[in-house]
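Here are the chains, one letter per residue:
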Amino acid sequence: MKLFWNILALFLCSLSGYSQVPGNYQMVWNDEFDGTSLDAEKWAACPAWNRQGGSYWEADNMSLNGAGKLTLEVTESHDSVLCGAIRTRNLFDQKYGYFEVRCKL
């Protein structure tokens, strides 16, 4: 029953004005990934990094198709999981505000 109420609450919020960007917010940063390489002023590939659980960030597991699609892949190699990842560290940092992303998993 609790799941029903949670789903109902999310549905009602999506119908209300709460899901809309407030009129006084201004976009300060965005990227549409429309090139064939990362915009180095906004993004950096994550360095090789041992993550928890035996997985690693891997720069080669990231690609752009030139038409607005960024792909981050997960592969296996020699009993390790390699994850594509990008970040904005030291390029853009924001603690508060409205954040929006469009992605498929």
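Please clarify how the overall build of the protein should be interpreted in this entry.
Along the protein, the regular secondary structure elements total one helix and eight strands. Sequence-ordered secondary structure for the protein, helices as α and strands as β, is α-β-β-β-β-β-β-β-β. Split into buried and exposed, the 105 residues of the protein put 14% on the buried side. A separation threshold of at least 6 residues defines the contact pool for the protein, and within that pool the share at least 24 residues apart is 56%. Counting every atom, the protein has about 9,100 Å² of accessible surface; 54% of that belongs to carbon and sulfur.

What am I meant to see in the environment of Ala40 here?
Mapped onto the elements, Ala40 comes out in the loop between α1 (2-15) and β1 (44-45). The exposure class of Ala40 is exposed, given its relative accessible area of 61%. Sequence separation between Ala40 and Leu91 is 51 residues, and the spatial gap between their C-alpha atoms is 8.8 Å.

I would appreciate a short explanation of a nonpolar patch on the surface in the present structure.
Together, Val21, Tyr25 and Tyr98 make up an exposed nonpolar region whose accessible area comes to about 280 Å². Relative to the elements of secondary structure, Tyr25 occurs in the loop between α1 and β1. The class of Tyr25 is partly exposed, set by a relative accessible area of 43%.

Quick question: what am I supposed to make of the pairing of strand β7 (residues 80-83) here?
Both faces of the sheet carry side chains from a regular strand, because those side chains alternate between them. Note: strand β3 (residues 55-57) against β7, three bridges, orientation parallel. Bridge pairing in β7 links Ser55 to Val81. Across four bridges, the pairing between strand β6 (residues 74-77) and β7 is antiparallel. From the neighbouring strand, Glu76 faces β7, where its bridge partner is Val81. The turn joining β6 and β7, which pair antiparallel and follow one another in sequence, is formed by two residues; a positive phi near 50° is taken by His78.

I would appreciate a short explanation of the environment of Ser37 in the present structure.
Residue position: Ser37 is located in the loop between α1 and β1. A relative accessible area of 53% means that Ser37 is categorised as exposed. It is 9.5 Å that separates the C-alpha atoms of Ser37 and Leu70, two residues lying 33 residues apart in sequence.

Calculation criteria
Residues numbered from 1 in each chain as written. Predicted model: local features only at pLDDT ≥ 70, side-chain atom pairs only at ≥ 80, totals over all residues. Heavy atoms only, no water. Helix = DSSP H or I, 4+ residues; strand = E, 2+ residues; numbered from the N terminus. Buried < 20%, exposed > 50% of the residue type's maximum accessible area, 1.4 Å probe, protein only. Contact = heavy atoms within 4.5 Å. Areas by Shrake-Rupley, 256 points an atom, 1.4 Å probe, with all protein chains shown as cover. Patch = residues over 30% accessible without salt bridge, like charges linked within 9 Å, V, L, I, M, F, W, Y side chains within 5 Å. Salt bridge = Lys/Arg side-chain N within 4 Å of Asp/Glu carboxyl O. Pairing = 2+ DSSP bridges.

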